[in-house]
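Tertiary structure, described
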Amino acid sequence: MRINLQSLLIILLLCSLIRTSVASIRGVFRFQRVYENAYGAVTFNHEKHAGSAAHHSAYCHSALQVLGGKVNELFAHKVCKFCHESKNLPAESVSCHKT
């Protein structure tokens with residue numbers, strides 16, 4: 001059986017959607033992380049972000065891979081801040097860094 005590229009991409013997309021649905025049911029995306037730094041801790045609630053903007057998951061996760069696989073200052077100030085600004089959400093330092 002030969003599978004062309006388009007069919008393969010559709011299969012991979014469906015598998016991804018199923019995996020995401022199963023993860024949602026199991027509550028895998030329900031976590032919170034605190035990133036400590038010199039300017040004050042930044043608390044990230046994954047459930048809040050994934051629940052309200054699930055369609056942006058690929059944007060965040062692919063950016064995370066491109067920028068070294070770790071949430072750091074570069075990631076937060078480029079990816080998080082850009083997304084917040086584009087949606088008119090709080091993006092200034094005082095809204096993220098809590099002392």
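Here is what the cut-offs are and how they apply
Along each chain, the written sequence defines residue order, and numbers are assigned to residues from 1. With the structure being a predicted model, the display of local features is reserved for residues of pLDDT at least 70 and the display and counting of side-chain atom pairs for 80 or more, all residues being used for whole-chain, interface and lining totals. Values shown for side chains rest on all heavy atoms present in the structure; no hydrogens or waters enter the calculation. Labels follow the DSSP assignment, with helices taken as runs of H or I lasting at least four residues and strands as runs of E lasting at least two, numbered in each case from the N terminus. Remark: exposure states derive from per-residue accessible area (1.4 Å probe, protein chains only) relative to the maximum for the residue type, with buried under 20%, exposed over 50%, and partly exposed in between. Here, two residues are considered to be in contact whenever any of their heavy atoms come within 4.5 Å of each other. What sets the accessible areas is the Shrake-Rupley method with a 1.4 Å probe; for residues, cover comes only from the shown protein chains. Fitting a line to C-alpha atoms yields each axis, with helices limited to the stretch in contact; the angle taken between N-to-C directions then spans 0 to 180 degrees. These descriptions rest on fixed angle ranges, namely under 35 degrees for roughly parallel, over 145 for roughly antiparallel, 65 to 115 for roughly perpendicular, and the rest for oblique. Handedness of a crossing follows from how the near helix is turned relative to the far one, being left-handed for an anticlockwise turn of less than a right angle and right-handed for a clockwise one. For this classification, the nonpolar set comprises Ala, Val, Leu, Ile, Met, Phe, Trp, Tyr, Cys and Pro, the charged set comprises Asp, Glu, Lys and Arg, and every other residue, Gly included, is treated as polar. At least two DSSP bridges between two strands are needed for those strands to be called paired.

Digging into the overall build of the protein
Helices and strands together make up the secondary structure of the protein, namely 5 helices and 3 strands. Walking the protein from its N terminus toward its C terminus, one meets helices and strands in the order α-β-β-α-α-α-α-β. Looking at the protein as a whole, 13% of its 99 residues are labelled buried. Residue pairs at least 24 apart in sequence account for 28% of intrachain contacts in the protein once pairs closer than 6 positions are excluded. As displayed, the protein has an accessible area near 8,100 Å², and 62% of this comes from carbon and sulfur atoms.

Details of unusual backbone geometry
Of note, the phi angle at Asn 88 is positive, near 55°, even though the residue is not glycine. The exposed category is assigned to Asn 88, whose relative accessible area is 74%.

Notes on the packing of helix H3 (residues 57-66) against helix H4 (residues 73-86)
To characterise two packed helices, one gives the angle between the axes of the helices and the distance between these axes. Interaxial distance between H3 and H4 falls to 11 Å at its minimum, and their mutual angle equals 165°. Looking at the two axes, H3 sits roughly antiparallel to H4. Seen from above, H3 lies across H4 with right-handed handedness. Packed against H3, whose contacting residues are Tyr 59, Cys 60, Ala 63 and Leu 64, the element H4 presents Phe 75, Val 79 and Phe 82 at the interface. A class-by-class count of the residues in the contact of H3 with H4 yields 7 nonpolar, no polar and no charged.

As for the sheet that holds strand S2 (residues 41-45)
If you walk across this open sheet you meet the 3 strands as S1-S2-S3, and the pairing is antiparallel. Every other strand in the sheet has two partners, leaving strand S1 (32-35) and strand S3 (97-98) as the edge strands with one partner each. Alignment of S1 against S2, held across 4 bridges, turns out to be antiparallel. Bridging from a neighbouring strand, Tyr 35 pairs with Val 42 of S2.

Topic: the pairing of S2
The side chains of a regular strand alternate, residue by residue, between the two faces of the sheet. The hairpin turn running from S1 into S2, its antiparallel successor, is 5 residues long, and Gly 40 in that turn takes a positive phi close to 120°. The pairing of S2 with S3 spans 2 bridges and is classified as antiparallel. Residue pairing across strands places Val 42 opposite His 97, the latter belonging to S3.

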